[in-house]
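Structural overview for review
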Amino acid sequence: MSHRFSLADRIVNRSIIGSVYLTVLLIFFAAQLLFTAFLTLPPPSVFFLVAFASGLRLLEIFFAERIVMKDESKSRRFAVPSIAWTLVLALLLAVLTRQPDTHYFGMLILPILEAAIYFSLGTTLFIATAASAVSLFWVAYAADFTPPFEGGEILESSTLVLVYFIVGYLVWLLVHMLRDREEQLRRRLDDLEATRSKLIEEEKLAAVGRLASAVAHEIRNPVAIISSALETSASPSFAPNEREEMARIAGLEAKRLEKLTTDFLSYARPRSVPFQQLDATTLVGYIVSIVQLQAVQKNIQIEAGMCDTCRIYGNEGQLQQALLNLMRNAIEASPPNGLILIAVTQSEGTLRIRIENAGPAIPARVASQVFEPFFTAKEGGTGLGLAIARSIVDRHHGELQLERNETDHIVFTITLPSTNREEMAQPHTLREF
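As a starting point, this report considers the structure included with it. (Residues numbered from 1 in each chain as written. Predicted model: local features only at pLDDT ≥ 70, side-chain atom pairs only at ≥ 80, totals over all residues. Heavy atoms only, no water.)

It is worth spelling out the pattern of salt bridges at this point. Throughout the structure, instances matching the rule amount to nine salt bridges. Here E183 ties to R187 by a salt bridge, and the two come within 3.9 Å at their closest N and O atoms. With a gap of four residues between them, E183 and R187 both fall in helix α7 (residues 151-233), about one helical turn apart. The exposure class of R187 is partly exposed, given its relative accessible area of 44%. Between E356 and R354 there is a salt bridge, and its shortest N-O distance comes to 2.9 Å. What makes E356 buried here is its relative accessible area of 9%. (Salt bridge = Lys/Arg side-chain N within 4 Å of Asp/Glu carboxyl O. Helix = DSSP H or I, 4+ residues; strand = E, 2+ residues; numbered from the N terminus. Buried < 20%, exposed > 50% of the residue type's maximum accessible area, 1.4 Å probe, protein only.)

So, in structure tokens, the structure goes:
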């Protein structure tokens, strides 16, 4: 599971905080320069201090992400000197300005906000107290620590103190509420992930159960026939020709059982095979030549639209098997004197092989299950042809689908990437049992 960051790390990172500090500092300094017509020009020490503070913030902006690395504990440790420096900076600027009234104490709201983002309520109130102490200290400092102090200055400082505490508490409360909501959402996501994993495991077990049941059902019949035929062929009570017929039946059923187990292994345990660049036209043309005799026997015509420049990255043997299964299905489903169209096209790194045959539309109930293993509507079929074809296409990072299902327009389409992808070159299997 990937590391999760807090609200402060993901939303209010150090670069943003550094930018805010720098912007506020420059605005306050610019305001002081704008009012030089009414006030004296700031001494050079103020210019130097502002330049130094700006440089520090620029370093923070450019290097904060590398230093903090989006780690909440490091963010908090980084915030401590930032808060302390801002408290000291506001006081130094006020002192160096040499004016009894200064606007730099407005900057003291920033360390309070930063404390509210990163620390507890107690720490936030402590920083608000420190900012208040600086503000009240200035009242005494401006009067040379000689009472009585001016009432207006005391009222102004008291108002700032009230603002510090109110803003600090409200911002901390808002951040705390957001973090609570974030934690609740995180727990719910964890619960959903756990539930999803459980459902996946249960679905895998259910799939294994369905597959085992289907295998048992498919194997039981030929085994029973073989057992009965062998028993009959060994019995002297039957005529020799009858015993020979039973032996022949046993052999046929054994071959059917062998084909069934071979198809099942091809589906359930696909081999890791090397991939290479293939000519799509040659690949499809070879399969068309193989099934041509079967098509002629039903007087079915095959028309192929080829692409001279189309190439595909995959395993030749497996793709031939997938295409062969689809073409044989198309021939078996086509009526006599029918037509099968196969077209190869390429666009934007994708190669499509489209196989269309005539005949009645596949019933909706059957169409939704045609790719399921051991599901077949044909007498004597194993129900693994389309399942194996889809498994092969999946391993080639492609997609096999029933694109169109209408009378005389039954279309299966294979969509494959036509370019070399590094991950396809690594041997892998799609299904796990």
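Right, let's talk about a nonpolar patch on the surface for a bit. Residues F48, F52, L56, L58, L59, F62 and F63 make up a contiguous nonpolar surface patch of about 720 Å² in total accessible area. Along the chain, L59 falls in helix α3 (residues 44-68). For L59, a relative accessible area of 49% gives the class partly exposed. (Patch = residues over 30% accessible without salt bridge, like charges linked within 9 Å, V, L, I, M, F, W, Y side chains within 5 Å. Areas by Shrake-Rupley, 256 points an atom, 1.4 Å probe, with all protein chains shown as cover.)

What follows is about the state of the cysteines. Per the counting criterion, the structure on display carries one disulfide. What pairs with C307 in a disulfide is C310, and their sulfur atoms sit 2.0 Å apart. On the sign convention where negative means left-handed, the S-S torsion of about 80° between C307 and C310 marks this disulfide as right-handed. Across this residue pair, the class does not change: C307 and C310 are buried. (Disulfide = S-S within 2.5 Å.)

Turning our eyes to something else, we now look at the packing of helix α10 (residues 316-333) against helix α12 (residues 385-395). At their nearest, the axes of α10 and α12 sit 9 Å apart, and the two run at 145° to each other. α10 and α12 meet at a crossing whose hand is left-handed. Taking contact as the criterion, the partners of Q318, L319, Q321, A322, N325, L326 and N329 in α10 are, on α12, G385, L386, I388, A389, I392 and R395. Partitioned by chemical class, the residues of the contact of α10 with α12 number seven nonpolar, five polar and one charged. (Axes fitted to C-alpha atoms, helices over the stretch in contact; angles between N-to-C directions. Left-handed = near helix turned anticlockwise from the far one by under 90°. Contact = heavy atoms within 4.5 Å. Nonpolar A, V, L, I, M, F, W, Y, C, P; charged D, E, K, R; others polar.)

For any two helices packed against each other, the geometry is given by the interaxial angle and the distance between the axes. Running from N to C, helix α9 (residues 280-297) and α10 point in directions that differ by 35°, and their axes come no closer than 9 Å. Along this stretch, α9 crosses α10, giving a crossing that reads as right-handed. Across the interface between the two elements, L283, V284, Y286, I287, I290, V291, Q294 and A295 of α9 pack against E316, L319, Q320, L323, L324, M327, R328, I331 and E332 of α10. Grouping the constituent residues of the contact of α9 with α10 by class yields twelve nonpolar, two polar and three charged.

What follows covers helix α6 (residues 121-142). If you check α6, its first and last C-alpha atoms are 32 Å apart, about what 22 residues at 1.5 Å a residue would give, namely 32 Å. Looking only at α6, the buried set comprises T124, I127, A128, A131, S132, V134, S135, W138, V139 and A140. Phi turns positive, to about 55°, at D144, one or two residues after α6. (Expected span 1.5 Å × (residues − 1).)

Paired through their backbone hydrogen bonds, the strands of a sheet run either parallel or antiparallel. Strand order across the open sheet formed by five strands is β2-β4-β5-β7-β6, with mixed pairing between neighbours. Only two strands of the sheet have a single partner each, and these edge strands are β2 (301-305) and β6 (399-406). Strand-to-strand, the axes of this sheet are offset by a mean angle of 15°, without reference to chain direction. The sheet contacts of α10 involve β2, β4 (339-347), β5 (350-357), β6 and β7 (409-417), and relative to β5 the element is tilted by about 25°. Its contacts with the sheet place α12 against β6 and β7, and it is angled at close to 130° to β6. (Pairing = 2+ DSSP bridges.)

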